[in-house]
Amino acid sequence: MQIYNSLTRRKEALIPIESGHVRMYTCGPTVYNFAHIGNFRAYTFEDILRRVLLFNGCRVTQVMNLTDVDDKTIRGAGAAAVPLKTFTAPFIQAFFDDLKALNVQSAEVYPAATDHIPEMLSLVGKLFERGLAYKSDDGSVYFSVAKLPGYGKLAHLDRANLRAGARVANDEYEKESYGDFALWKGWDSNDGDVVWESPWGRGRPGWHLECSAMAMKYLGETFDLHTGGIDNLFPHHENEIAQAEGATGKPFVNFWMHCAHLRVNGEKMSKSLGNFFTLRDLLQKGWSGREIRYVLINGHYRQPLNFTFDALDAARTSLARVDECVDALTALAGSAAAGLVPPWATHVCNFFTASVNDDLNMPEAFAALFSLVRESNSAMRVGSFKPESAAAVLKVFDALDSVFGLIRFGRTAHEEALPPEIEALVHARATARANKDWRGSDRIREELASKGWEVRDSKEGQKIKKL
Ligand code: AMP
Ligand code: ZN
């Protein structure tokens, strides 16, 4: 499989460190609000990536963090006058509900930043030992970018602009104003009771530190793939690299992939511009998760995608065409066992495989899907098309759908969402397993069973079923 690596700015063969197993980190949501569909463009891009890896027979370990402490969550909790966890919990739940509504496969681990403060402190400790961290007068700890020769390699910063000692306190800032960034932020009154002890004084972690610490905990000091939206590239990902490589002296990540933005009238969809729709907004207007998923994945991830209601209309029409064809094939196949795949369907499947393996070329993958629909329809018009051939072609649809996640999903009533408590246990178990805490994993399995749920482990992760 070839992918465009943002680090080298070239298409490269994606070769994992461990043969047949890709370890990837995908920056997750900042849980201070409902995610908007721009955010879900990033998560559906990552879902397609994950599904293509699985389609190729690869094993995937995906970690997606939950940023549940940062400038924005603290501001939100302060404004709502509630404890941080009380403020973030409903947004975490909403995020998982939305992923389900969009048929996004679960990651193996969803670590929350507030559960990983010791790992973050130990990372800051290593940066002190290597002379890359220093304490400032305001009680915060900063990373000294001038001391790390490789700083700027992802964003291609011009080091001539580097002003040694210039500091930025905010988590987010522009490329032009780059300088030393906060690893650990000394407590101030805006933080209220959001505070942890550290060898450098009371405070809380910077956003960038969170991802480096959690990524290395679950995926190792060097791992294969790291992704996010293009706005994460700088400063977030640059700073993640600096912290990790500064502490370990080893390469942090071999491949970086970034998706372009979802836009509205030519502008990035974002909270700050106010031009956003949440998934809930669109579901309420009568669109289905399936239709929204279709729109979000129907484009090349490195090209900006313009969101319009016309696109949702078109998705509805296109899905109806696919459904009609699949229904007709299903009726024709009846209970017949699959026979030989007709050559035209093999040809489409090969074209599809080549497309997704060429840096996730989804426009071509969709062209393959519709050529399968067209060819199937013409085959069925010729009266001699046999049930076993129809059954074989349905298998090809299913193979393609393992990547699209559109055909077999959401056609009937909305799949029942897991109760929040069960969802939380399932995630806790995934974390236990990622930590090789088998006793913990078994204990949670029993707890789930006592509540009437059976969990099975499969290649795609945990499968949960009501007993
Ligand atoms: P945040 O919650 O702001 O940290 O963003 C979560 C993810 O959504 C990140 O990977 C962002 O890069 C991505 N993102 C935010 N806005 C957009 C957008 N309009 N289009 C695509 N991705 C976005
Ligand atoms: Zn991150």
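In this text, all values refer to a predicted model and were calculated from it rather than measured experimentally. (Residues numbered from 1 in each chain as written. Chains lettered and ligands numbered in written order. Predicted model: local features only at pLDDT ≥ 70, side-chain atom pairs only at ≥ 80, totals over all residues. Heavy atoms only, no water.)

**Some thoughts on the coordination of the zinc ion (ligand 2)**
Listed as protein donors to the zinc ion (ligand 2) are Cys27 (SG), Cys211 (SG) and His236 (NE2); their distances from the metal cover 2.1 to 2.2 Å. Each donor residue of the zinc ion (ligand 2) belongs to the same chain, and together they define the spacing C-x183-C-x24-H. Pair noted here: Cys27 is in the loop between strand E3 (21–26) and helix H1 (37–55) and Cys211 is in helix H5 (residues 207–219), with a separation of 184 residues, a long-range link. According to the relative accessible area criterion, Cys211 is buried, its value standing at 0%. (Donors = N, O, S within 2.8 Å, 3.2 Å for Na, K, Ca; no water. Helix = DSSP H or I, 4+ residues; strand = E, 2+ residues; numbered from the N terminus. Buried < 20%, exposed > 50% of the residue type's maximum accessible area, 1.4 Å probe, protein only.)

**A short note on the domain arrangement of the chain**
Segmenting the chain into domains produces domain 1 (18–264), domain 2 (320–411) and domain 3 (420–466). Measuring from the centre of the C-alpha atoms in domain 2 to the corresponding centre in domain 3 gives 34 Å. (Domains from an automatic or database assignment.)

**A few points about the packing of aromatic side chains**
Under the criterion given, the structure shown has 25 aromatic pairs. Taking the centre distance of 6.1 Å and the plane angle of 25° together, the rings of Tyr134 and Tyr142 count as stacked. For the ring pair Tyr173 and Phe234, a centre distance of 5.8 Å and an interplane angle of 90° mean the geometry is edge-to-face. On the criterion of sequence distance, the pair formed by Tyr173 in the loop between strand E7 (167–168) and strand E8 (180–186) and Phe234 in helix H6 (residues 233–248) is long-range, its members being 61 residues apart. What makes Tyr173 buried here is its relative accessible area of 11%. Its relative accessible area of 11% is what places Phe234 among the buried residues. Three or more aromatic residues joined by ring pairs make a cluster, and in this case those are Phe143, Tyr151, Tyr173, Tyr178, Phe181 and Phe234. Its end group placed over the ring of Tyr4, Arg302 keeps NZ or CZ at 4.1 Å from the ring centre. (Phe/Tyr/Trp six-rings, centres within 6.5 Å; stacked < 30°, edge-to-face > 60°. Lys NZ or Arg CZ within 6 Å of the ring centre and 35° of its normal.)

**Details of the site of ligand 1**
As a structural note, the neighbourhood of ligand 1 is formed by 18 residues, with Tyr43, Asp231, Asn232, Leu262 and Met269 the closest of them. Taking Gly229, its main chain carries an N or O atom lying 3.1 Å from an oxygen atom of ligand 1. Between ligand 1 and Asn232, the relevant distance is 3.0 Å, taken from an oxygen atom to a side-chain nitrogen or oxygen of the residue. With the chains in place, 93% of the 490 Å² that ligand 1 exposes on its own is no longer accessible. Mapped by element, the contributors of at least two residues to the shell around ligand 1 are H1 and strand E10 (223–229). For the shell around ligand 1, the element with the most residues is H1, which contributes 5 residues. Split by residue class, the shell around ligand 1 holds 6 nonpolar, 8 polar and 4 charged. (Near = heavy atom within 4 Å. Polar contact = N/O pair within 3.5 Å; in protein donor to acceptor, adjacent residues only side chain to side chain. Areas by Shrake-Rupley, 256 points an atom, 1.4 Å probe, with all protein chains shown as cover. Nonpolar A, V, L, I, M, F, W, Y, C, P; charged D, E, K, R; others polar.)

**Overview of helix H11 (residues 362–381)**
Across its 20 residues, H11 extends 29 Å between first and last C-alpha, which sits within 8% of the 28 Å expected from 1.5 Å per residue. Among the residues of H11, those classed as buried are Met362, Ala365, Phe366, Ala368, Leu369, Phe370, Ser371, Leu372, Val373, Ser376 and Ala379. Contacts from the buried residues of H11 go to H1, helix H8 (289–297), helix H9 (309–333), helix H10 (343–357) and helix H12 (387–404). Capping the start of H11, Asn361 holds a side-chain oxygen 3.2 Å from the backbone nitrogen of Glu364, two or three residues further along. (Expected span 1.5 Å × (residues − 1). Contact = heavy atoms within 4.5 Å.)

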